[in-house]
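Notes for the structure review
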Amino acid sequence: MKLIADSSMPLLAALEKISPKSSKTTLRSWIKEGRVSIDKLPVKLASIEVKAGQTVEVRRKQEHLQDNLRILYADRDFVVIDKPAGMLSVSTRFETKKTAHAYLKEKYHNQKVYVVHRLDQDTSGVMLFAFSEQAYTHFKKLFEAHDLEREYIAVVTGRVKANRGRWQSYLYEDKNYVVHTTLDKKKGELAITDYTVLKRTPKWTILKLRLETGKKNQIRVHCSDAGHPVAGDNKYGSDSQFNPLYRLGLHAMRLTITHPVTEKPMTFESPPPEEFTRVFARIDA
């Protein structure tokens, strides 16, 4: 099912034209399931504005996002995956089956799968799970001591002036699960993010980010505090109507750890998503 928009309209309005008998709940579920695209780019945000001449398409139902989940490495101790945007890392009270953790438990049915860390639902990229308590303990110690390397790539709004820099602040989470910066060291936890500019346009910047700490929503809050919210991140100040990616512009690109048994360093990489490179390449500099 597809529609070529004859005028600008909200995405939900375009979907209502495609399927007038469907409820808004159903239309939103299509977006959540990854079935909707604009000009062949997957859309993850219901608030997107469709422009005149753009093609909105709804693909056949996919039971899971699992087709897009790749195993980067696995041995008897741990597994590394490339998580797609839109997939939850672990179960919530609203979703228990369509998660990366649930997929691995089903795939490796003779193994216990330990959750080492998490990525936000709309963040894609490298993610690590352990198969043994020994490996889990080893990796948790690495994360707690920040004795590992994590790099992300992000598309952010506006033109970041400095070629590189460091963002440092204390973060805390409120009762509505929103993370904020505070000057009170007793209230928040220290978060440090190093950034390097890879490319700029008048409206967008693509950044490589290295985490010195790993607090919840750290990159998203630091980018927002700097006046450059991550593209598509309406939770932290981005105007999703003007998002050229049609998804959250954040991707876990590289993870370097030591093996829990051999203690040898290992690096796992996931290249920037196609929508990052393809869309950014056609934005006028």
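The rules we used
- Within every chain, residues take consecutive numbers counted from 1 along the sequence as written.
- Where local features are concerned, this predicted model is filtered to residues with pLDDT of at least 70; where side-chain atom pairs are given and counted, the filter is 80 or more; whole-chain, interface and lining totals use all residues.
- Just so you know, side-chain values use all the structure's heavy atoms and leave hydrogens and water out.
- Residue burial is assigned from relative accessible area. The probe radius is 1.4 Å, only protein chains are included, and a residue is buried under 20% of its type maximum, exposed over 50%, and partly exposed in between.
- In DSSP terms, a helix is any run of H or I states spanning at least four residues, a strand is any run of E spanning at least two, and both are numbered starting from the N terminus.
- By this definition, two strands are paired if DSSP reports at least two bridges between them.
- Points on a 1 Å grid over protein atoms alone make up a cavity when a 1.4 Å probe fits among them but cannot get out, and a pocket when they form an open set with protein on both sides within 12 Å along at least five of seven lines; lining residues each have an atom within 4 Å of a point.
- Grid points are joined across faces, edges and corners, and a volume is the space filled by probe spheres set on the points.

**Comments concerning the pairing of strand 15 (residues 204-211)**
Burial runs high along strand 15: 6 of the 8 residues are buried. Note that strand 11 (residues 149-157) and strand 15 share 7 bridges and pair antiparallel. Following the sheet pairing, E151 is matched in strand 15 by R210. Sheet analysis places strand 14 (residues 189-200) next to strand 15, joined by 7 bridges and oriented antiparallel. Residue pairing across strands places K199 opposite I206, the latter belonging to strand 15. Here strand 14 hands over to strand 15 after 3 residues, the two strands then running antiparallel side by side.

**Some remarks on empty space enclosed by the protein**
A complete count under the given rule lists 1 cavity of 30 Å³ or more for this structure. Taken as a whole, the largest cavity spans an internal volume of roughly 40 Å³. Around the largest cavity, the lining residues are H117, L119, V126, R150, Y152, A252, R254 and L255. Those elements that place two or more of their residues in the lining of the largest cavity are strand 11 and strand 16 (250-258). With 3 residues, the single largest contributor to the lining of the largest cavity is strand 16.

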